[in-house]
Amino acid sequence: MYKFDKGVLLIAYNNGKIDYEKLAIIAAANVKRYMKNNHVTLLTDLKTFNALELELNPDQLSLVFDHIIVEDIQHERNTRTHRDSPWNEFSTQFNNKNKHSIFQKSPYKQTLMIDVDYIVGNNSLDVIFDTDSELAMYKSAVSVRNYKPRIWEQKLHPDGIDMWWSTVVYWRSDSELASLFFGIWEHVKENYQYYKWLYKFPGVLFRTDYAASIAAHILNGHSKGNIVEELPGKVMRFSEQIDDIVEFKQLNDYVILCPDPKELWKNICSRVTNENIHLMNKMAILRHYHKIKELIYE
């Protein structure tokens, strides 16, 4: 049933404005360079795969991806507003409604799924493969400015349940717990308006973070502690959509311009080295794609 023992799963679907295939190349290259468990599978659609083949020659492709799954998918409508720095917004399709299906599609016995805007800079996530954990995510997060996330990214409602991030998810494919979790995730997705009313969270966008959080909450409600475990380090570091990237020095060494969320004209520069970071401003990453590609294949 499973092709491989353990590895990293990436998902990339282009949407006309964001080149997810390029983000996947960067994410995969960092996994290859900094993790020990670095067998990488890409889950994508035909349109994105065609763009990938135009971007990389076969030798370059094989250096970053060990296995590619190409599907014929009709993506459900899900429009998201992105910010690129404090001063620019744009809306585009966000192809994420099938994310719960990764449980059935993963070729690994032990899978670490990471979003393609999560940039690995060290090997700390390797630890999870050598534990007895059946299912793990991040519940806590802190920005590169050392700010906590906004309240709606700590809880689904100020008086509601805890937020769990679907940015990085680890599971064992033979785990009944993991199977149940992804099944509940799918159920929440199919009944999203009901759960939006029940848990009182805002917005019209379908958020996998919210669906996964509700699934984790339901499972954890059957235990005194958390059945869903937290990933190594227990805190996900992130850079906000209003942040911009000044320079890439190495794949895990870059400088980020960080506006104060309360006073956007006030900025600090934060240098990130040897860290795993969720870089939410995808366009900022892509502006440095050619320099990053040089670093990958130097």
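Residues numbered from 1 in each chain as written. Predicted model: local features only at pLDDT ≥ 70, side-chain atom pairs only at ≥ 80, totals over all residues. Heavy atoms only, no water.

Caption draft 1: Quick peek at the side chain of Ser85. Mapped onto the fold, Ser85 is located in the loop between strand 4 (79-83) and strand 5 (89-93). With residues near it in sequence (within four places) discarded, Ser85 still touches Gln241, Ile242 and Asn281. (Helix = DSSP H or I, 4+ residues; strand = E, 2+ residues; numbered from the N terminus. Contact = heavy atoms within 4.5 Å.)

Caption draft 2: Main features of empty space enclosed by the protein. Under the defined criterion, the tally for this structure stands at three cavities of 30 Å³ or more. Here the largest cavity defines a volume of roughly 460 Å³. Lining of the largest cavity is provided by 29 residues; of these, Arg80, Phe94, Asn96, Lys99 and Asp115 occupy positions nearest its centre. Elements with a contribution of two residues or more to the lining of the largest cavity: strand 1 (4-12), strand 6 (108-114), strand 10 (165-172) and helix 7 (208-220). No other element matches strand 10, which puts three residues into the lining of the largest cavity. Its residues placed into classes, the lining of the largest cavity shows 11 nonpolar, 10 polar and eight charged. Volume-wise, the second largest cavity comes out at about 50 Å³. Along the walls of the second largest cavity sit Ser239, Asp243, Asp244, Ile245, Ile256, Leu279, Met280, Asn281, Ala284 and Ile285, which together make up its complete lining. Elements with a minimum of two residues in the lining of the second largest cavity: strand 13 (244-250) and helix 8 (282-287). (1 Å grid on protein atoms, 1.4 Å probe; cavity = no way out; pocket = protein on both sides within 12 Å on 5 of 7 lines; lining within 4 Å. Points joined across faces, edges and corners; volume = space filled by probe spheres on them. Nonpolar A, V, L, I, M, F, W, Y, C, P; charged D, E, K, R; others polar.)

Caption draft 3: Broad picture of the nonpolar core. If you look at the biggest cluster of nonpolar residues, it comprises 99 residues, and the most contacted ones within it are Leu10, Phe65, Leu112, Ile114, Trp171, Phe181 and Leu231. If one sorts the elements of this core by residue count, helix 1 (residues 20-34) sits on top with 10 residues. When near neighbours in sequence (up to four residues on either side) are disregarded, Phe65 contacts Leu10, Ala24, Ile25, Ala28, Val40, Leu42 and Leu52. (Core = buried A, V, L, I, M, F, W, Y, C linked by side-chain atoms within 4.5 Å. Buried < 20%, exposed > 50% of the residue type's maximum accessible area, 1.4 Å probe, protein only.)

Caption draft 4: Geometry of unusual backbone geometry. The phi dihedral of Ser85 falls on the positive side, at around 75°, and the residue is not glycine. By relative accessible area, Ser85 is classed as buried at 15%. In this model, Lys234 sits at a positive phi of 65°, which is unusual for a non-glycine residue. Within the element layout of this structure, Lys234 appears in the loop between strand 11 (229-230) and strand 12 (235-239).

Caption draft 5: How the structure looks around the packing of helix 1 against helix 2 (residues 46-55). Remark: helix 1 packs on helix 2, axes separated minimally by 9 Å, with the N-to-C direction vectors making an angle of 65°. The crossing of helix 1 and helix 2 is right-handed. Facing helix 1, whose interface residues are Glu21, Lys22 and Ile25, helix 2 presents Thr48, Ala51, Leu52 and Glu55. (Axes fitted to C-alpha atoms, helices over the stretch in contact; angles between N-to-C directions. Left-handed = near helix turned anticlockwise from the far one by under 90°.)

Caption draft 6: Main features of helix 5 (residues 176-190). If you check helix 5, its first and last C-alpha atoms are 21 Å apart, about what 15 residues at 1.5 Å a residue would give, namely 21 Å. Those residues of helix 5 lying buried are Leu177, Ala178, Phe181, Phe182, Ile184, Trp185, Val188 and Lys189. End-on view of helix 5: buried residues confined to an arc of 155°, all on one side of the axis. (Expected span 1.5 Å × (residues − 1). Arc of directions from axis to C-beta.)

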